[in-house]
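Report on the structure
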Amino acid sequence: MLIDTHCHLDDDRYEDDIEQVLENAREKGVEKFIIPGADPKTLQRAVDLAERYESIYFAVGVHPYDAGEYDRTSMEPYVTHPKCVAIGECGLDYFRLPESEDEIDKEKKLQKEVFIDQILWAKELQKPLIVHVRESTPDCLALLDEYAGEEGGVLHCYNADESLLKLAKKNFYYGIGGVLTFKNARKLINVYPKIPQDKLVIETDAPYLTPHPHRGERNEPSYTTLVADKMAELSLLSREEIETLSTENAQRLFRF
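Every value quoted in this text rests on a predicted model; they were computed, and no experiment measured them.

Side note on the overall build of the protein chain
In terms of helices and strands, the protein chain carries eight helices and eight strands. The long-range share in the protein chain, meaning contacts at least 24 apart out of those at least 6 apart in sequence, stands at 71%. Of the roughly 11,600 Å² of accessible surface on the protein chain, 46% is carried by carbon and sulfur atoms.

Below you can see the structure in the form of structure tokens.
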């Protein structure tokens, strides 16, 4: 069994064929799915999917790009839902910043405030975090080190920065997806063996970051098998061992 710990099945691109997408995944042995909370506007769709399909779970949170829309009060009714397993996707993303220094400072300040509030919310609820880190490693590391609770979480689409490996001691896991199969993934491939095996989980980030050889196509959870194959190759473990350890890790982290 495989678990896709991060797939945006609430995205419009699955609206017309969600049944087929899930069937494709089941045929490949993918039996559970987590929809991260990123855009508050699609949260209700994620909840509806989780209520319709036993295999789907969801998280509640706001992506750093939507930090200006963060309103914890509006999301609070969802976190007590029995299929809400985490807080996030939340974090810091400095890839797209304004041009002026003043605006950059304001944007970073807003993202940090929203991220801290979600970290504290997860700690209060005793739920793990789903963390987005893009060109912001030092600040993310500092905030998680200061504020994160014992539940830890997962570093979504782990960016191969070795400094983040110290978070394994704070119960953080490392989300490995299609990037591992990319031809330019040398940094991640080099760091991958250093990740504790009991902290590895598999994700697709579908519909984004489609693995080789399907680059350019819409990603979907069935492609977790391609990630697992590459992980096995790099780990010197069998495919079955990768399936077992990644599934056990995900079940331990998200408690389902």
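Quick word on unusual backbone geometry
The omega torsion across alanine 206 and proline 207 is 10°, close enough to zero to call that bond cis. Note that proline 207 resides in the loop between β8 (200–202) and α7 (224–235). Of note in the backbone geometry, asparagine 171 takes a positive phi value of approximately 70° without being a glycine. Structurally, asparagine 171 can be placed in the loop between β6 (153–156) and β7 (172–176). Using a relative accessible area of 25% as the deciding quantity, one classes asparagine 171 as partly exposed. If you check the backbone angles, leucine 236 has positive phi at about 60° while not being a glycine. Mapped onto the elements of the fold, leucine 236 is located in the loop between α7 and α8 (239–254). Overall, the relative accessible area of 78% leaves leucine 236 in the exposed class.

Quick notes on the packing of aromatic side chains
To describe a pair of aromatic rings, one takes the distance between the centres and the angle between the planes. Considering all chains together, one arrives at three aromatic pairs under this definition. Summarising the aromatic geometry, the rings of tyrosine 57 and phenylalanine 256 are spaced 4.5 Å apart at their centres and angled 45° between planes, so their arrangement reads as tilted. Remark: phenylalanine 256 occurs in the segment after α8 and tyrosine 57 occurs in strand β3 (residues 56–60); sequence separation between them is 199 residues. An aromatic cluster is built from Tyr57, Phe254 and Phe256, whose rings are joined through pairwise contacts. The cationic tip of arginine 134 hangs over the ring face of phenylalanine 95; the distance from NZ or CZ to the ring centre is 3.6 Å. The residue whose ring lies beneath arginine 215 is phenylalanine 182, and the NZ or CZ to ring-centre distance is 3.7 Å.

Remarks on the side chain of threonine 247
Here threonine 247 is to be found in helix α8. Ignoring sequence-local partners within four residues, the contact set of threonine 247 consists of Met1, Leu2 and Ile3.

Quick word on the pairing of β3
Of all the five residues making up β3, five are buried; the element is thus mostly covered by neighbouring parts of the structure. Along β3, one buried face is formed by Ile56, Phe58 and Val60 and the opposite face, lined by Tyr57 and Ala59, is buried too. With three bridges connecting them, strand β2 (residues 30–35) and β3 associate as parallel partners. Across the sheet, isoleucine 35 pairs through a bridge with phenylalanine 58, a residue of β3. In this sheet, strand β4 (residues 84–93) lies alongside β3 in parallel orientation, the contact comprising three bridges. Among the inter-strand pairings, phenylalanine 58 is bridged to a residue of β4, identified as cysteine 84.

Here's the deal with helix α1 (residues 18–27)
Regarding α1, the residues found buried are Ile18, Val21, Leu22 and Ala25. Mapping the buried residues of α1 onto a view down its axis gives an arc of 95°, with all of them on the same face. Following α1 by one or two positions, glycine 29 has its phi on the positive side, about 90°.

Examining the packing of helix α4 (residues 101–125) against helix α5 (residues 137–147)
The N-to-C vectors of α4 and α5 enclose an angle of 35°; their axes lie 10 Å apart at closest approach. Between α4 and α5 lies a crossing whose hand is right-handed. Judged by residue contacts, Lys112, Phe115, Ile116, Ile119, Leu120 and Lys123 of α4 engage Asp139, Cys140, Leu143, Leu144 and Tyr147 from α5. When the residues that make up the contact of α4 with α5 are grouped by side-chain class, the tally is eight nonpolar, no polar and three charged.

Examining the pattern of salt bridges
According to the stated counting rule, one finds 17 salt bridges in the structure shown. With a closest N to O distance of 3.3 Å, aspartate 39 and lysine 41 form a salt bridge. By relative accessible area, aspartate 39 is classed as partly exposed at 23%. Through salt bridges with shared partners, one network takes in Asp17, Arg218 and Glu220.

Parameters and conventions
Residues numbered from 1 in each chain as written. Predicted model: local features only at pLDDT ≥ 70, side-chain atom pairs only at ≥ 80, totals over all residues. Heavy atoms only, no water. Helix = DSSP H or I, 4+ residues; strand = E, 2+ residues; numbered from the N terminus. Contact = heavy atoms within 4.5 Å. Areas by Shrake-Rupley, 256 points an atom, 1.4 Å probe, with all protein chains shown as cover. Buried < 20%, exposed > 50% of the residue type's maximum accessible area, 1.4 Å probe, protein only. Phe/Tyr/Trp six-rings, centres within 6.5 Å; stacked < 30°, edge-to-face > 60°. Lys NZ or Arg CZ within 6 Å of the ring centre and 35° of its normal. Pairing = 2+ DSSP bridges. Arc of directions from axis to C-beta. Axes fitted to C-alpha atoms, helices over the stretch in contact; angles between N-to-C directions. Left-handed = near helix turned anticlockwise from the far one by under 90°. Nonpolar A, V, L, I, M, F, W, Y, C, P; charged D, E, K, R; others polar. Salt bridge = Lys/Arg side-chain N within 4 Å of Asp/Glu carboxyl O.

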